[in-house]
Amino acid sequence: MEIETNRLLIRPWVENDLEAFAEINADPDVRRYYHPAILTRAQSDEVVAECTRHLDEHGFAFLATIRKEDGALIGGTGLSWTHDVPGDPATEIGWILGRSFWRQGYAHETGHAWFAHARSLGIGEVIGFTSEINLPSRAQMEALGMTHDAAENFADPTVPTDNPLGPHVLYRMLLQG
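Residues numbered from 1 in each chain as written. Predicted model: local features only at pLDDT ≥ 70, side-chain atom pairs only at ≥ 80, totals over all residues. Heavy atoms only, no water.

(A) Just the packing of helix α1 (residues 18–25) against helix α2 (residues 41–58), in detail. It is the contact of α1 with α2, at a shortest axis distance of 9 Å, that shows an interaxial angle of 115°. With respect to α2, the element α1 is oriented roughly perpendicular. You can see that α1 and α2 cross each other, and the crossing is right-handed. Residues L18, E19, F21, A22 and N25 of α1 lie in contact with α2, whose contacting residues are R41, S44, D45, V47 and V48. Here the residues of the contact of α1 with α2 sort into five nonpolar, two polar and three charged. (Axes fitted to C-alpha atoms, helices over the stretch in contact; angles between N-to-C directions. Helix = DSSP H or I, 4+ residues; strand = E, 2+ residues; numbered from the N terminus. Parallel < 35°, antiparallel > 145°, perpendicular 65-115°, else oblique. Left-handed = near helix turned anticlockwise from the far one by under 90°. Contact = heavy atoms within 4.5 Å. Nonpolar A, V, L, I, M, F, W, Y, C, P; charged D, E, K, R; others polar.)

As structure tokens, this is what we get:
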């Protein structure tokens with residue numbers, strides 16, 4: 001599967017993506033709001049392997065996101081099934097972009113492309129979630145038109161209870177109804 005936007009190509013991961021993605025996952029600024037924080041090369045490669053398995057099983061996943069003008073891997077964006085939120089399972093949207101690609105509208109561009117893809121698959125709702133303190137991602141979800149209800153805030157079960165990244169917010173985008 002491939003998705004194209006004006007500036008980007010979203011496609012399955014290939015071997016040549018692994019080093020650049022590992023560099024993104026080793027950047028403490030990029031991973032500031034993730035738990036665990038930075039990833040080793042092996043951990044980053046396992047993330048890609050899991051995305052590939054998810055794609056094979058479900059027909060969608062977090063995929064490599066490439067800037068068309070120069071072929072640079074800007075990060076990973078996509079959809080995934082999640083069981084880590086209240087009322088699970090749900091289809092989650094997400095993104096992780098290399099720092100040099102921030103504030104250029106790429107997350108917004110891919111977000112709309114993924115919403116359109118979800119609609120084409122008959123998915124009626126997409127959720128996004130992040131730590132309460134991740135203001136940049138929260139602002140992006142709001143800019144994409146996703147809505148937040150504080151009553152749905154939750155403690156992420158994958159984060160230790162004493163970690164400031166544990167308290168999470170949930171955003172929703174109704175695609176069909």
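(B) How the structure looks around the pattern of salt bridges. Inspection of every chain in the model, using the stated rule, returns twelve salt bridges. R32 is the salt-bridge partner of D29, the closest N and O atoms lying 3.3 Å from each other. Salt bridges sharing partners connect three or more residues here, namely D27, D29, R32 and R99. (Salt bridge = Lys/Arg side-chain N within 4 Å of Asp/Glu carboxyl O.)

(C) Up close: unusual backbone geometry. Each neighbour pair has its own omega, and for H35 with P36 the value is -5°, a cis peptide bond. The residue P36 is located in the loop between α1 and α2 in this model. With a phi close to 60°, R103 is a non-glycine residue in the positive phi region. Mapped onto the elements, R103 comes out in the loop between β5 (90–97) and α3 (106–120).

Functional significance is not addressed by these values, which are geometric in nature.
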